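Understanding the architecture of this molecule
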Amino acid sequence: MSTASIAYTNQREPELLGQTVVVIGGSAGIGLETARRARAEGAKVILTARNPERLKQAATEVGALSTAAFDASDPVAVERFFRELPMIDHVMVTAGRPYYGRLADMDFAKVRSLIGEHLLVALYVARNAANKVRPGGTLIFMGGTGGRRPAIGMSIAGAGTAALPSLTANLALELAPVRVNLIAAGFVDTPLSADLLGDQLETRRKQLRATLPIRRVVGPAEVAALAVHIMSNTALTGATYDIDGGQQFVAG
Ligand SMILES: NC(=O)c1ccc[n+]([C@@H]2O[C@H](COP(=O)([O-])OP(=O)(O)OC[C@H]3O[C@@H](n4cnc5c(N)ncnc54)[C@H](OP(=O)(O)O)[C@@H]3O)[C@@H](O)[C@H]2O)c1
């Protein structure tokens, strides 16, 4: 075997070569890392988020094909975005944030707009993406493992956490041959976590390093690697993939 042919057999084909990935919530955190990883695997990426400046910056950074600034919890905006889109291969949804709060403190007007945000965004995206995603492509939604353990202040986050795997499995049947999958993360070190924890962020990181079975915190690039695997492995549909370093098995 010549040196050239040895080099050739050691190379692997990029996993998403020639494919197009849409990231709804692609200007920061897990979404931005997924865009970066998808690009490295040969995909074109289309990014969306609300803040146009941060979106533009992210798009320049990863070399995105295009961007669209809109709120994914607005069904009209989601419909318009997908109507104008050419055929694509995958959609990753990282828009939305959890609602934490005790029953006694709940502001029901706020709760009304946030309860089920992840579920509603998933439904809006699923309905509008269904005929834009090529057969074999996947929709990927984000859920969590933290909400599986009952705790004070977790009733709404817990209800959403419980509902997403069921929604995903049912949509996988309804939208086939388009695939539908869910990633359930624990703490991921992103701008969202920094925003939620404020000055408690470093304390939380230290606590997780001490208690997690993996002895370190999970980063967005690791969630992105899982997302890209789900995109490229066409046997995967209707399932929930935990990525939390074992957080669900230890207290806190
Ligand atoms: N980080 C964690 O520990 C963790 C754990 C489990 C699950 N999750 C879930 O994973 C997802 C991503 O989390 P992350 O930590 O990567 O968040 P992040 O760092 O805050 O990034 C979220 C991205 O989504 C965009 N976005 C947020 N709300 C949106 C909306 N309504 N419409 C359109 N774009 C929106 C943000 O940009 P704009 O603000 O400009 O819109 C940003 O680009 C979230 O759904 C989160 O609940 C996170």
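Computed from a prediction, not measured in an experiment: that's the story for all the values here. All residue numbers refer to position in the chain's written sequence, counted from 1. Reporting in this predicted model follows two pLDDT cut-offs: at least 70 for local features of residues, and 80 or more for side-chain atom pairs to be given and counted; totals over whole chains, interfaces and linings ignore these cut-offs and use all residues.

It is worth spelling out the overall build of the protein at this point. Assigned secondary structure in the protein consists of ten helices and seven strands. For this measure, only C-alpha atoms enter the radius of gyration; the expected value for a globule follows 2.2 Å times N^0.38, where N is the number of residues. Whereas a compact globule of 252 residues would reach a radius of gyration of roughly 18 Å, the protein reaches 19 Å, a difference of no more than 12%. Oriented by its inertia axes, the alpha-carbon framework of the protein measures out at about 70 × 45 × 40 Å. A residue is called partly exposed when the number of other C-beta atoms within 10 Å of its own lies between 12 and 20, exposed at 12 or fewer, and buried at 20 or more, with C-beta atoms placed from the backbone. Counting over 252 residues, the protein shows a buried share of 39%. It is the C-beta atoms, placed from the backbone, that decide contacts: two residues are in contact if theirs lie within 7 Å. Long-range pairs, those at least 24 residues apart, make up 72% of the contacts in the protein between residues at least 6 apart in sequence. Comment: elements are numbered from the N terminus, with helices defined as DSSP H or I runs of at least four residues and strands as E runs of at least two.

Turning our eyes to something else, we now look at the packing of helix α6 (residues 117-129) against helix α7 (residues 155-175). Between the N-to-C directions of two axes lies an angle of 0 to 180 degrees, each axis being a line fitted to C-alpha atoms and, for a helix, fitted only over the stretch in contact. Two elements in contact, α6 and α7, have axes whose closest approach is 10 Å; the angle formed by their N-to-C orientations is 15 degrees. In terms of orientation, α6 lies roughly parallel with respect to α7. Two packed elements cross with a definite hand, and for α6 against α7 that hand is right-handed. Here H118, L119, A122 and A126 of α6 lie close against α7, whose contacting residues are G160, A163, L164, L167, L171 and L175. Note on angle classes: values under 35 degrees are labelled roughly parallel, values over 145 roughly antiparallel, values of 65 to 115 roughly perpendicular, and the remainder oblique. Rotating anticlockwise by less than a right angle from the far helix to the near helix defines a left-handed crossing, while the corresponding clockwise rotation defines a right-handed one.

Two pairing modes exist for strands in a sheet, parallel and antiparallel, and in both the strands are linked by backbone hydrogen bonds. Judged by pairing direction, the sheet is parallel, and its seven strands sit side by side in the order β3-β2-β1-β4-β5-β6-β7 without closing on themselves. What marks the edges here is a single partner per strand, and that holds for β3 (66-69) and β7 (240-243). Taking the axes of each pair of neighbouring strands and ignoring which way they run, one obtains an average angle of 15 degrees across the sheet. Any two strands are treated as partners once DSSP identifies two or more bridges connecting them. Note: strand β5 (residues 133-144) against strand β6 (residues 179-185), seven bridges, orientation parallel. The residue bridging F141 from the neighbouring strand is L182, located in β6.

The next subject is the pairing of strand β4 (residues 88-93). Burial analysis of β4 places six of its six residues in the buried class, the great majority of the element. In terms of strand pairing, strand β1 (residues 20-24) meets β4 through four bridges, oriented parallel. Residue pairing across strands places V21 opposite H90, the latter belonging to β4. Direction of pairing for β4 relative to β5: parallel, over a ladder of four bridges. If you follow I88 over to β5, its bridge partner there is V133.

Moving on, we get to the packing of helix α2 (residues 29-40) against helix α10 (residues 220-232). Remark: α2 packs on α10, axes separated minimally by 8 Å, with the N-to-C direction vectors making an angle of 55 degrees. Taken together, the axis directions place α2 and α10 in an arrangement best described as oblique. The two elements α2 and α10 cross, and the hand of that crossing is right-handed. Contacts between α2 and α10 involve G29, I30, E33, T34, R36, R37 and A38 from the former and P220, A221, V223, A224, A225, A227 and V228 from the latter.

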